[in-house]
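# Working through the structure, step by step
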Amino acid sequence: MSKGVTVWFTGLPCSGKTTIADMVAEILREQGEKVERLDGDIVRKSLTRDLGFSKEDRDENISRVTFVAKLLTRNGVKVLATFVSPYIERRQRSRDEIGEFMEVYVRCSVEVCIKRDIKGMYKKALAGEIKGFTGVDDPYEEPPSPELIVDSDKETVDESVQKVLEAMKKHGYL
Ligand SMILES: Nc1ncnc2c1ncn2[C@@H]1O[C@H](COP(=O)(O)OP(=O)(O)O)[C@@H](O)[C@H]1O
Ligand SMILES: [Mg+2]
């Protein structure tokens, strides 16, 4: 059985987590790997649709997702998880629970994220229309020692994708 792993992408909204992970998923599927995607926007409409964005609800969101990722990972699936997941301590608990785990910090300045603003959420947060938005009026705790950092405000998408694939190889998952 191929070796399962959860590659956990963390970073500000609009940093590029979904874009990079979707492309990695496509490449790995073409190579015949078993791949699953767990994405914040999708999970929050299904598995965790009852939750909001308080610290407690963010914690519960990641807790449920971590449970699913653990089951998949132990069955040999490459899980690509994309969540803002702003708290160091919560990500650490996911790492401990899942075991086979790589953290990818999708690093991008908040200024560039605001320029991208693909869903118009920063605009609403900056106007005070939504509260507790990460990067505006809610904290983001940078990973102190992730397996990989991609600088999505300096690299092309392709470069970031290649770096993820190389890191997965280096850690023995490909
Ligand atoms: N190196 C890069 N990596 C990822 N996305 C990038 C990069 N450079 C530019 N982008 C763009 O930034 C945006 C990121 O959006 P998205 O992936 O939805 O972010 P997130 O899932 O982190 O909220 C996309 O429009 C993407 O094309
Ligand atoms: Mg996303």
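Please refer to the structure placed before this passage.
Residues numbered from 1 in each chain as written. Chains lettered and ligands numbered in written order. Predicted model: local features only at pLDDT ≥ 70, side-chain atom pairs only at ≥ 80, totals over all residues. Heavy atoms only, no water.

## Details of the packing of aromatic side chains
The tally for this structure, following the rule as stated, stands at 4 aromatic pairs. Arranged with centres 5.0 Å apart and planes meeting at 85°, the rings of Tyr122 and Phe133 form a pair that is edge-to-face. Here Tyr122 is found in helix 6 (residues 121-126), whereas its partner Phe133 is found in the loop between helix 6 and strand 5 (148-151), with 11 residues between them in sequence. For the pair Tyr122 and Phe133, one class covers both residues: buried. Pairwise contacts between aromatic rings join Trp8, Phe83 and Phe101 into one cluster. Sitting above the plane of the Phe53 ring, Arg44 keeps its charged end 3.8 Å from the centroid. (Phe/Tyr/Trp six-rings, centres within 6.5 Å; stacked < 30°, edge-to-face > 60°. Helix = DSSP H or I, 4+ residues; strand = E, 2+ residues; numbered from the N terminus. Buried < 20%, exposed > 50% of the residue type's maximum accessible area, 1.4 Å probe, protein only. Lys NZ or Arg CZ within 6 Å of the ring centre and 35° of its normal.)

## Here's the deal with the pattern of salt bridges
All told, the structure shown has 17 salt bridges when counted by the stated rule. Its salt-bridge partner being Arg37, residue Asp22 comes within 2.8 Å of it at the nearest N-O pair. Remark: Arg37 occurs in strand 2 (residues 35-39) and Asp22 occurs in helix 1 (residues 17-30); sequence separation between them is 15 residues. Among the residues examined, Arg37 registers a relative accessible area of 17% and is labelled buried. Between Asp153 and Lys154 there is a salt bridge, and its shortest N-O distance comes to 3.8 Å. By relative accessible area, Asp153 is classed as partly exposed at 28%. Salt bridges linked by common partners bring Asp59, Glu89, Arg90 and Arg93 together as one network. (Salt bridge = Lys/Arg side-chain N within 4 Å of Asp/Glu carboxyl O.)

## Brief notes about the pairing of strand 2
For a regular strand, the rule is simple: side chains alternate between the two faces of the sheet. Of all 5 residues in strand 2, 4 are buried; the element is thus mostly enclosed. Strand direction decides the pairing type here: strand 2 and strand 3 (residues 78-82), joined by 5 bridges, are parallel. Of the residues in strand 3, the one forming a bridge with Asp39 is Thr82. (Pairing = 2+ DSSP bridges.)

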